[in-house]
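The primary structure of each chain is shown beneath.
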Amino acid sequence: MRNTPTTPWLDDLRRDVRFGLRSLVRSPAFTAVAVLCLALGIGANAAIFSVLNAVLLRPLPYPEPQRLVRIWETMELGTGTVSIPNYRDWVAQATGFAQLATWRRGSANLQGTGEPERVRSIAATPNLFQMLNVEPRLGRAFDPLRDEPGKAQVAVIGEGLWRKRFGADSKIVGRTLRLDGRQYEVIGVMPAAFDFPPGWSQTDLWVLDEPSPDGARQRGSHFLNVAGRLKRGVSLEQATAQLKTVAARIAKAYPVEQTGRSVKVLPLQEAVVGDVRPALWILSGAVALVLLIACANVANLLLARAAVRQREVAIRLALGASRARLVRQFLVESVVLALAGAVLGVLLARWSLTVLGPLAQGALPLAGGVPLDFRVFLFLLGVSLLSGLAFGIVPALQSARGDVRDSLTETGKSTSSRGQQRFRSGLVVAEIAVTLVLLVGAGLLLRGFRNLSGTEPGLVAKNVLTAHLAVPVPRLPTATARTFRPVLDGIRRLPEVRAAALVSMLPIQSAWTNGSFTVVGRPAPPPGKEPIAELRVASPQFFQALGIPIRRGRDFEERDGESGPRVVIVNEAFARRIFPGAEAVGQRLRFDDPRDFTIAGVVGDVRQAGLGQKPLAEVYFPYGQADAAGLLSDASLVIRTDGPPGRLAGPVREAVRRVDSGLPLYQVLSMEEVIDQSLASHRLNLWLLAIFAGMALVLSAAGLYGVISYLVAQRTREIGVRVALGAQKWDVIGLVMRQGAGLAAAGIALGLLGALAFTQVLASLLYGVSARDPLTYAALAALFAAVALAATWLPAERASRVDPLLAIRNE
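Calculation notes
Residues numbered from 1 in each chain as written. Predicted model: local features only at pLDDT ≥ 70, side-chain atom pairs only at ≥ 80, totals over all residues. Heavy atoms only, no water. Salt bridge = Lys/Arg side-chain N within 4 Å of Asp/Glu carboxyl O. Helix = DSSP H or I, 4+ residues; strand = E, 2+ residues; numbered from the N terminus. Buried < 20%, exposed > 50% of the residue type's maximum accessible area, 1.4 Å probe, protein only. Polar contact = N/O pair within 3.5 Å; in protein donor to acceptor, adjacent residues only side chain to side chain. Contact = heavy atoms within 4.5 Å. Pairing = 2+ DSSP bridges. Core = buried A, V, L, I, M, F, W, Y, C linked by side-chain atoms within 4.5 Å. Phe/Tyr/Trp six-rings, centres within 6.5 Å; stacked < 30°, edge-to-face > 60°.

## Observations regarding the pattern of salt bridges
- Scanning the model with the defined rule gives 25 salt bridges in all.
- Of the charged contacts, one joins Glu 496 and Arg 647 as a salt bridge, the two residues approaching to 2.9 Å between their closest N and O atoms. Here Glu 496, found in the loop between α16 (481–492) and β14 (497–503), pairs with Arg 647, found in the loop between β23 (634–641) and α19 (649–659); they are 151 residues apart in sequence, far enough to count as distant.
- The shortest N-O distance in the salt bridge between Asp 605 and Arg 576 comes to 2.9 Å. One end of the pair, Asp 605, is in the loop between β21 (597–603) and β22 (618–622); the other, Arg 576, is in helix α18 (residues 572–578), and 29 residues separate them in sequence.
- According to the relative accessible area criterion, Asp 605 is buried, its value standing at 14%.
- Salt bridges sharing partners connect three or more residues here, namely Glu 64, Arg 67 and Arg 232.

Here it is, written out as structure tokens:
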């Protein structure tokens, strides 16, 4: 039997690995500290890269996702949705697209199989699935040749709903669903990996869009989201230019509705993740700095260990080992250390993703979890190998450079050259500088978050319960006071309820439902220059329930119905912008209706779009008017209580069920929870950067402690002589402290300069605080100085207790 030949370098590598493992096992304290440092750095990088991979790097789950784009109409105030006539012109004239499809987000009441449930739905054109080029798990998708909107009542459901509601019934295709009182045939089930639109929440089902006849004809009625697939060979720039030409042609043909409008086209993936991309890259950079600090610490440990191993190295050189062979041996030990740190880092990453997962779900466009997939493990392997080489190369070269004769003639004493000591001190200075950069960044985020969370929302959130109330689409034409007044009356009769009301969009939670208007008695503005305001529908007691003050005029009353005067209430931002220096109450407005609305009151501003957004101009319509019904498809209850709002959730559900069992409640939250959820992304950024800064602080303090301790050990004889010659305890402490303070001062100076650059990148994430806020810089520099002095004090105090006789005798 022949022996399989082996490659000499592979045999050498195996021997180096075995030798390195034995060497590390013989130094358990050194190995444990080094592996823990690396595990913190590598684990943090693995966790952040997993999030980065899930949000930014993982391609969308559609074939050829690079050809998919998202399209908006643009106007003077920003971007918006698209009207049906414009979309049809795009389809007819923009030949650079293989497919264009539209969709609208919505929700529906699923009935007939247990308790009514509100499900997330998408109303889309029949070619949506063709445009995405996806196939269902069961059955079929929409077919433009077979499924005509308005005639085919068909639905495609997601796998999540199929499993949760129907027990993964394999015979679901062909069954009927009752959605908002209408029967839909299930024609297909999409696989678990599919979701559209991608991002923040998993869609439950898809139905065909059936716009109203007026919406289909009116070019100024913008409500569609549009996506498309580019033809092969057509670039994004070419398609955008083509659409801009079509938009200019439409604007020329319809100047009243379209003047000033154009288009914006982005890759679909960029459209999904654009808002969170900067924060994720900043966090990735921060966690990379943590790994650099960990590597610097391990490099310092290896340099100290190299000084101890000088005699071993000299013996091996004397026996014929080449210096290159020794460098390779030490590098293999470093890589083995890094791989051990990576193994522990994976466990830390899994744990951290479990803890941070729920927070990330609310703050990032993640429909699913954050997996540790093969791309993450490849990243880990690469980071581990690079880290091992990074922190091992200099100690390896230093170890193999020693003088054989001097090392063999020393009596077991380990020493470091001045060059090695300067290098180790330089590493500590760099650690301190990088740590201060992270600390200042975290401090600025903390101040910004405190400013943001302390921003006055314009309402009184304490003791307020909110809940979404779903109205079936077929009932919307009559979903005015006749539908909601009995519900509100039943809730108002509950104990502890002080006020109960209804609003079409809950403050802080949602915004950007707007429309144009004109002021009666003023010249009509040029086409495309009409003022725009947020449009809301509210019931009596809404402003009372949320503690929004009525500044002038009156509140809505039940008499503000179909037969009463047509009135609206505006906020102060609206009054300031539209009627500067004049009284708004009594002025008349005209919307997409020949009749006029009289302003009956002016209320305080609410930060409708979130605490970080300035108050928007708002117009409130009374819920008793029939033309307000279209805005109430997903209305919200607002209930002010005398006690904790959570304990009223059950009674409120029961009160609604007694009036109408077909109106399910969902997203039942206190108003304080609504505000808290709006801060999710800011809180995630703050927590992660603060954690990384804390890790860096611990690692750099440990590095400073290690270097000062080693330098004290190197100067033991000198300190003993000083004490023998009369030096007092505080003289010795001062000697050591000055050395540590010098390193800390150099690191802090460099760190402040680095922070000035780094925090400019953070500027987009800050709120109410300058990226160069001197108070934050000074406070964190002082904090780190205190930590550095504490890290230096311990070896200094130990040096002051050196016995001069023992120190000199040992030398």
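## A short note on the side chain of Asn 225
- Tracing the backbone shows Asn 225 in strand β11 (residues 222–230).
- Here Asn 225 falls in the buried class, since its relative accessible area comes to 14%.
- Among the polar contacts listed, one links the side chain of Asn 225 to the side chain of Arg 70, at a separation of 3.1 Å.
- Ignoring any residue separated from it by four or fewer positions in sequence, one finds Asn 225 in contact with Arg 70, Thr 81, Ala 101, Thr 102, Trp 103, Arg 104 and Arg 105.

## Quick look at the pairing of strand β17 (residues 532–538)
- A large share of β17 lies buried, amounting to seven of its seven residues.
- One ladder, built from five bridges, connects β17 with β22; its direction is parallel. Following the sheet pairing, Leu 535 is matched in β22 by Val 619.

## Considerations on the environment of Leu 444
- Locating Leu 444 in the fold gives a position in helix α15 (residues 418–453).
- Owing to a relative accessible area of 0%, Leu 444 belongs among the buried residues under this scheme.
- Spatially, the C-alpha atoms of Leu 444 and Ala 771 are 7.0 Å apart, while their sequence positions differ by 327 residues.
- Once residues lying within four places of it in the same chain are set aside, the contact partners of Leu 444 are Thr 759, Leu 766, Val 769, Ser 770, Ala 771, Asp 773, Thr 776 and Tyr 777.

## A few points about the nonpolar core
- With 129 residues, the main nonpolar core has Leu 337, Phe 391, Phe 542, Met 671 and Phe 692 as its most contacted residues.
- Residues Val 497, Leu 502, Val 570 and Leu 589 belong to the second largest nonpolar core, which totals 41 residues.

## Looking at the packing of aromatic side chains
- The final tally for this structure, using the stated rule, is 18 aromatic pairs.
- Here Phe 517 and Phe 574 contribute two aromatic rings whose centre-to-centre distance is 5.1 Å and whose plane-to-plane angle is 35°, an arrangement assigned as tilted. With Phe 517 in the loop between β15 (514–516) and β16 (518–519) and Phe 574 in helix α18, the pair connects residues that are 57 residues apart, well separated along the chain.
- On the basis of an interplanar angle of 35° and a centroid distance of 6.4 Å, the ring pair of Phe 543 and Phe 556 is categorised as tilted. Placement of the pair is Phe 543 in helix α17 (residues 542–546) and Phe 556 in the loop between β18 (550–553) and β19 (567–571), with a sequence separation of 13 residues.
- Among the aromatic residues, those joined into a cluster by ring pairs are Tyr 62, Trp 103, Phe 129, Phe 142, Phe 194, Phe 196 and Trp 206.

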